[in-house]
Amino acid sequence: MLSNYLKTAYRNLMKYKAYAITNIFGLAVGIGATILILLYIQFQLSYDNFHEDAESIYRVSVIHKKEGKLEFESPIFTPPIGPAMKRDFPEVENFVRFSTPRVAYVSHKDRSLKIDEIRHADPTLFSIFSFELIAGSPRHALAAPYSMVLTEESAERIFGSEDALGKTIVVDNKDSYQITGIVEKPPANSHLQYNAFISFSTLYKDPNRFMGWNGGNQYYTYVKLLPTAAPEELQRKFPDFMWEYINEQYANFGLSVEPYLQPLRDIHLRYNDYSDNLRTNIYIFAAIALLILFIACVNFVNLTTARATKRAKEVGVRKVLGANKQALIRQFLGESILLTLMALAVALFLVETFLPVYQNLLNKDLRISQVINVRTIVGLGVILVVVGVVAGSYPALSLSSFQAVRTLKGIFRSGSDKGKSRDILVVFQFAISIALIVCTILINRQLNYVKQKELGFDKDNIVVLPLVGDDVKAKSKTLKTQLLERPNILSVTACSQVPRNGFTRNGYIPEGFKNPITIYVVDVDEDFLETFDVDVVMGRNFSKEFASDKSAYLINESLARQLNWQDPIGKTIRRNGDHRVVGMVKDFHFATLHSKIQPLIITNQPWRNLFNKLAVKISAGNVSGTLNSIERTWQHVVPSVPFNYWFLDESFDRLYKSEQRFQRVFLYFSGLAILIALLGLFSLTSLSTEQRTKEIGIRKVLGASVLGITSLLSKDFLKLVIVANVLAWPVAYYFMNRWLESFAYRTDINLLMFVLAGAFALFVALCTVSYQAVRTALTNPVDVLRYE
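By convention here, each chain's residues receive numbers from 1 onward along its written sequence. This being a predicted model, a pLDDT of at least 70 is required before a residue's local features are given, and a value of 80 or more before pairs of side-chain atoms are given or counted; all residues contribute to the totals for chains, interfaces and linings. Hydrogens are left out, water is left out, and the side-chain values use all remaining heavy atoms of the structure.

When two rings of Phe, Tyr or Trp (its six-membered ring) have centres within 6.5 Å they constitute a pair, described as stacked for plane angles under 30 degrees, edge-to-face for angles over 60, and tilted for the intermediate range. In total, this model carries 37 aromatic pairs according to the counting rule given. Ring centres of Phe-98 and Phe-129 lie 5.9 Å apart, and the angle between their planes is 55°; on these two criteria the pair is classed as tilted. Of the two residues, Phe-98 is situated in strand β4 (residues 92-99) and Phe-129 in the loop between α4 (125-128) and β7 (133-135); the sequence distance between them amounts to 31 residues. Here Phe-98 matches Phe-129 in class, with each residue buried. Here a set of aromatic residues connected by ring pairs shows up, and it is made of Phe-50, Phe-98, Phe-129, Phe-131, Tyr-194, Phe-197 and Tyr-222. Over the aromatic face of Trp-646 sits the side chain of Arg-500, whose NZ or CZ is 5.8 Å from the ring centroid. When the NZ atom of lysine or the CZ atom of arginine is within 6 Å of a ring's centre and also within 35 degrees of its normal, the charge is said to sit over that ring. When the ring centre of Phe-72 is taken as origin, the NZ or CZ atom of Arg-505, which lies over that ring, is 4.0 Å away. Each helix is a run of DSSP H or I of at least 4 residues and each strand a run of E of at least 2, with the numbering of both proceeding from the N terminus. A 1.4 Å probe rolled over the protein chains alone gives each residue an accessible area, and that area as a share of the maximum for its type sets the label: buried under 20%, exposed over 50%, partly exposed in between.

Written out as structure tokens, the structure reads:
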């Protein structure tokens, strides 16, 4: 029975091929775009779900307070907290610690390679997380000091086709490590990324490491709770726990630290630095998916109902031949549902075709299998059935109720109410499209603002040389001296970090304060300000002529304002002794524009292992020749370490890669939404003019011009687009204002953007409608009236 209905529906659809193709294509594009967006959302939601015990794993994050007020929060803390939790709390089954990722040069025989994302980890790593160890013992691979586990990719890079297990490599020309395991590369949807692990016990062999409660904040701690443990109850024990180990000491300075547990599966979307922006993007993409699907469904319903009146005489003939109302209802609903199923098939084909391009655009490994589950299949099925039923309900219920005699005589009403309903749907379609255009303009404007904003320093033509390993750091002063002798090198500075993605911070006690406050800090030599063209607004720069400058500080304007220092010169700041402020620099952006410029201390440390980078300012001409000269100097001074560099301005651009990808994806999907809306408008215009063929013929016989007929046919649709602008503008303003809140420095939202978006939508709609109107107006009225 069902197959007969589908066959009949298919034959009927083939009578109206243009209508069927338009409907199928429009709906297929909408469904395909929705599936692609769902792929992205599902990928983001799937982070860390692959771990077998994900529900029992938590990351320990610590809230730092001063005098009861929040200073900052970070999951990076000192190493003793994990062992202490396991020892004191029976709810904690085990713990694992990771160091912050580092970069190192590893050597084997005559090969020396740079490996990034190297982390120290406890031997409990493989019993807590489900990272698959391909070779080696999960219990013992990271037990002994100077043990190392490599990913397959890293092992292949270092050893080629040789078996890496048991072999020895040298890290940073200093310590030897034995390869005790090979681990699979982490999945793309893991918030923990790595290329190698070093045993955590190795850190305790370094006498310069502070591994106690007052040690360096450089370590992540994860705990695995027993299945019966309640995280909320465990966290209620933390205040007494921290008082015993550290807060009693901190209380003397008005400080306290408060740990809490972050569920593993929530880290990516809730607790990382980028989580707020990521959640916003997910909400926006989800909204776009719904809007695109809504526009496609509106088109489908509009075209189906508009076309239905052309089939009124067909209904009359079928009734005369014996078809009852139920049969006609089944016929129209069957045709509508069949169209949606055909659209789904086309949509899946489009998704499979464009998925590689989409993956490259997002820089994500996405697969259709990631969204093919019971929930999505049922959800998509429900949507398709609802769309099919809604689109088919009008012709099924309305046309099937027509009287056969009146219908065959041509006496029927198309229904002005239905026409108004179609107008409302067209308005909503274009309101959505215009809102998306406004959002696209604003996103592009904000990213251009970010690229062009004055940063307070010069980032152009600066080559950054990472100083990885003690050997390089020990020779960095010699390297700087020899680089300055090369042509086209304007200046060179050594520093702990370059202004890019933020500096580290430490506790300091400024003059007039009793308790320490946390302040950002960067360690530099005397040439830092000159190399980066940072202005001194009060006092002076560091100078080699003053031996006391080795312990002196510079501060920025933000710190002076925070401390309420009108004249900071000569003031002292205490950390391991008193340090005199000799100058104040103009505020400059040392982090992204997502955050405001923070208070900063610039120290003038002597040449020792604090400096991690050399920043080389070069002239704009003959860049390749200058780079070759820098490389030759590097190879002469440190021949055992491979030459590596990057440009600061290019690195700054990469900081906003996620926003740039978001901009491109938003642009493409907005374009699809507009395309679907225009496709629907074109088809509705075509049907409207077709229904008014006789009227147009009579008007032409009576002397109407082509311009007059075109205006007559176009004005009603253009009115709808104008109404859509009125609805779209406040909605677009609200959502874009919310999106811009993630930037501390942002562009203005002005009226011109809305006018441009509205004008563009009006122009495109006018072109779409006018084409069909002019085409109809140019028709020979004799042919039209003879046809009628």
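Resuming the write-up.
This next bit is on the pairing of strand β21 (residues 578-585). Among the 8 residues that make up β21, 6 are buried, leaving the element largely enclosed by the rest of the structure. We call two strands paired when DSSP finds no fewer than two bridges between them. Inspection of the sheet shows strand β19 (residues 553-556) paired to β21 by 4 bridges, in the parallel sense. Each bridged residue has a counterpart across the sheet, and for Asn-556 the counterpart in β21 is Val-585. One ladder, built from 3 bridges, connects strand β20 (residues 572-574) with β21; its direction is antiparallel. Paired with Ile-573 across the bridge in β21 is His-579. The turn joining β20 and β21, which pair antiparallel and follow one another in sequence, is formed by 3 residues; a positive phi near 55° is taken by Asn-576.

Glancing now at a negative patch on the surface. A grouping of Glu-132, Glu-152, Glu-156 and Glu-184 is seen on the molecular surface, where their side chains present a negatively charged patch. You can see Glu-152 is positioned in helix α5 (residues 152-159). Under the relative-accessibility criterion, Glu-152 is labelled partly exposed at 43%. Like charges are joined within 9 Å and nonpolar side chains (Val, Leu, Ile, Met, Phe, Trp, Tyr) within 5 Å, but only among residues with over 30% relative accessible area and no salt bridge; these make up the patches. Reported accessibility uses the Shrake-Rupley method at a 1.4 Å probe radius. Residues are deemed covered only where the shown protein chains occlude them. Any Lys or Arg side-chain nitrogen located within 4 Å of an Asp or Glu carboxyl oxygen qualifies as a salt bridge. A residue counts as positive if it is Lys or Arg and as negative if it is Asp or Glu; His and the chain ends are not included. Charge placement uses NZ in Lys and CZ in Arg. For Asp and Glu, CG and CD serve respectively.

For Val-585, the position within the fold is in strand β21. Classification of Val-585 by relative accessible area gives buried; the value is 0%. As for Val-585 and Ile-601, which are separated by 16 residues in sequence, their C-alpha atoms are 9.8 Å apart. Contacts are assigned to residue pairs with any non-hydrogen atoms lying within 4.5 Å of each other. Ignoring sequence-local partners within four residues, the contact set of Val-585 consists of Leu-529, Val-534, Asp-535, Val-536, Val-537, Leu-554, Ile-555, Asn-556, Glu-557 and Ile-602.

Interhelical geometry of helix α16 (residues 476-484) versus helix α19 (residues 623-637) gives an angle of 145° and a closest axis separation of 10 Å. Crossing handedness for the pair α16 and α19: right-handed. Between α16, through Thr-478, Leu-479, Gln-482 and Leu-483, and α19, the contact on the second element is made entirely by Ile-630, Thr-633, Trp-634, His-636 and Val-637. Residues that form the contact of α16 with α19 fall into these classes: 5 nonpolar, 4 polar and no charged. Here the axes come from fitting lines to C-alpha atoms, over the contacting stretch only for helices, and the angles between their N-to-C directions go from 0 to 180 degrees. Note on convention: near helix rotated counterclockwise from far helix by under a right angle means a left-handed crossing. Clockwise means right-handed. Residues are grouped as follows: Ala, Val, Leu, Ile, Met, Phe, Trp, Tyr, Cys and Pro are nonpolar; Asp, Glu, Lys and Arg are charged; all remaining types, including Gly, are polar.

Now for α19. Owing to its 3.6 residues per turn, the α-helix brings residues three or four apart onto one side. Helices are assigned an expected span. That span is 1.5 Å times one less than the residue count. The end-to-end C-alpha distance of α19 is 21 Å, a good match for the 21 Å that 15 residues give at a rise of 1.5 Å each. Of all the residues in α19, the buried ones are Thr-626, Leu-627, Ser-629, Ile-630, Thr-633, Trp-634 and Val-637. Buried residues in α19, looked at end-on, bunch into an arc of 160°, giving them a common side. Where α19 is buried, its residues touch β14 (462-466), α15 (470-474), α16, β15 (489-495), β23 (613-618) and β24 (646-647). The arc in question is the one traced by the directions running from the helix axis out to the C-beta atoms.

Here we come to the nonpolar core. It is characteristic of soluble globular proteins that their nonpolar side chains tend to be buried jointly. What makes a nonpolar core is a set of buried Ala, Val, Leu, Ile, Met, Phe, Trp, Tyr and Cys residues whose side-chain atoms join them at distances within 4.5 Å. With 116 residues, the main nonpolar core has Phe-588 and Ile-602 as its most contacted residues. Setting aside anything within four residues of it in sequence, one finds Phe-588 in contact with Leu-455, Gly-456, Phe-457, Pro-499, Phe-503, Phe-528, Val-534, Ile-597, Leu-600 and Ile-602. By size, the runner-up hydrophobic cluster in this structure holds 24 residues, among which are Phe-238, Met-242, Tyr-245 and Tyr-250.

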